[in-house]
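Coordinate inspection notes
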2 protein chains.
Amino acid sequence: MSLCVQPLAGIFFPVIEKKGLGQAYPEGLDRAREEAWRAFITAYAVGIEGIERGLAEAGLPPLGWYDVLLELSVAPGHRLRMHELARAVVLSRSGLTRLVDRLEGAGLLRREPTPEDRRGSFAVLTEEGARMRRRMWPVYARGIAEHFGRHLDDDEVRVLSEALRRVSGARSV
Amino acid sequence: MSLCVQPLAGIFFPVIEKKGLGQAYPEGLDRAREEAWRAFITAYAVGIEGIERGLAEAGLPPLGWYDVLLELSVAPGHRLRMHELARAVVLSRSGLTRLVDRLEGAGLLRREPTPEDRRGSFAVLTEEGARMRRRMWPVYARGIAEHFGRHLDDDEVRVLSEALRRVSGARSV
DNA sequence: TCAATTTAGTTGTGTAAGCAATCACTGTAC
DNA sequence: GTACAGTGATTGCTTACACAACTAAATTGA
């Protein structure tokens, strides 16, 4: 934050520049970090919007579906318990139930009862689901490139990766 | 992306490592950028979730309201046309109509007809709205610090700000 | 001057999210 | 064995968003 110098009673003394908003910063935040945060959420909004538009225009499902399909793709046995999946895609449990409903309705995954705990169930990727993920990837990838990757140089990419992994890794601090 | 070396027919030759997902990268994307993107969206999801939780626990309105209140706070005359506001907060026009409805219902802003164009209307910040924004800020700020700022050193903050401003500035590329 | 087009904002409808309550089952204690 | 607390997932309800259709007003232009 740029300190600015204001005349008062004949002498100059520095005051915190407030944009007229009376904002004070708590421990761990300053003007630079606030601005980084705003750049962060704006870049997210703009990027996601562009990528979703690309998927929609290609007649493909939204990003949330890709996330689920990807998590299942990399999971051992192409299957995850509902709560594991919910955690992986950052969604409430009830939200996930409905999301999985839709994917199941589209034939991209199926539910399977767990042998060891009859309350639980697995979401299991179907062949069609794997195919859909592969079909979505090029469009998604183009979106990432277009709305994100191509604006960054290699050093920035390195810093972003490392820093943001730390941010999300902290999770429930 | 780490090239890996695979034996084939007695000779070694480098292949793109695929995680078994058959992913290929288009122009402008590579493995590092894909990972940065994933770190980016995960950090966003986790951060926003934490901040919204903080606001909710303090009995305050959600982040979307803050955005509107802030834009109006910094706007000349504490007023913006609906479409300007919609653009500023990255929301569809219809979405904004409802959001402004809610804020107006809560007394945080009021609509005012425009003198020069009788189709349009201003959203004008009320004193109560300004007060609410000031009340929300400390909680929001703590959230930013907790879920974002405090995990970053000053160099990272600088890089993030600059890089992400470039990303969102590109807008509709 | 007056129809045709464009623009500003709202409304109808469908979809997706979360919370809280619930159902179904497990594991534990008595 | 049976009650009971805890867990996994679903369901009811509410809220919020987007798209498309609409209303009203401004602008164009013939």
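See the structure shown above.
All values derive from a computational prediction rather than experimental measurement.

Reading the values: rules and limits
- Residues numbered from 1 in each chain as written.
- Chains lettered and ligands numbered in written order.
- Predicted model: local features only at pLDDT ≥ 70, side-chain atom pairs only at ≥ 80, totals over all residues.
- Heavy atoms only, no water.
- Helix = DSSP H or I, 4+ residues; strand = E, 2+ residues; numbered from the N terminus.
- Expected span 1.5 Å × (residues − 1).
- Buried < 20%, exposed > 50% of the residue type's maximum accessible area, 1.4 Å probe, protein only.
- Pairing = 2+ DSSP bridges.
- Near = heavy atom within 4 Å.
- Polar contact = N/O pair within 3.5 Å; in protein donor to acceptor, adjacent residues only side chain to side chain.
- Nonpolar A, V, L, I, M, F, W, Y, C, P; charged D, E, K, R; others polar.

Observations concerning helix H2 (residues 63–74) of chain A
Along an α-helix, residues three or four apart share an orientation, since each turn contains 3.6 residues. Residue and element names in this part refer to chain A. Relative to the 16 Å expected for 12 residues at 1.5 Å per residue, H2 spans 17 Å between its end C-alpha atoms, a close match to the ideal helical length. H2 sits mainly inside the fold: 10 of its 12 residues count as buried. Of the residues making up H2, those classed as buried are Leu-63, Trp-65, Tyr-66, Asp-67, Val-68, Leu-69, Leu-70, Glu-71, Leu-72 and Ser-73.

Observations concerning the pairing of strand E5 (residues 121–125) of chain B
Residue and element names in this part refer to chain B. Burial within E5 is extensive, with five of its five residues counted as buried. Across the two faces of E5 the burial is the same, with Ser-121, Ala-123 and Leu-125 and Phe-122 and Val-124 all buried. Pairing between strand E3 (residues 79–81) and E5: three bridges, direction antiparallel. In the strand pairing of E5, Arg-79 is matched with Val-124.

Re the protein's contact with DNA strand C
Around DNA strand C, a shell composed of 20 residues is seen, among which Ser-92, Ser-94 and Arg-102 of chain A together with His-83 and Arg-119 of chain B lie nearest. When atoms of DNA strand C within 4 Å of the protein are split into backbone and base, the sugar-phosphate part holds 57%. Between a base oxygen of DNA strand C and a side-chain N or O atom of Arg-119 of chain A, the distance comes to 3.4 Å. Contact between DNA strand C and Arg-111 of chain B: a phosphate oxygen at 2.8 Å from a side-chain N or O atom of the residue.

Focus on the protein's contact with DNA strand D
The environment of DNA strand D is formed by 20 residues, the closest being Arg-111 and Arg-119 of chain A together with Ser-92, Ser-94 and Arg-102 of chain B. In DNA strand D, atoms within 4 Å of the protein come 58% from sugar and phosphate. Here a phosphate oxygen of DNA strand D and a side-chain polar atom of Arg-81 of chain A are 3.1 Å apart. Among the secondary structure elements, those contributing two or more residues to the surface near DNA strand D are helix H3 (82–89) and helix H4 (93–105) of chain A together with helix H4 (93–105) of chain B. The class makeup of the residues in the surface near DNA strand D is two nonpolar, eight polar and 10 charged.

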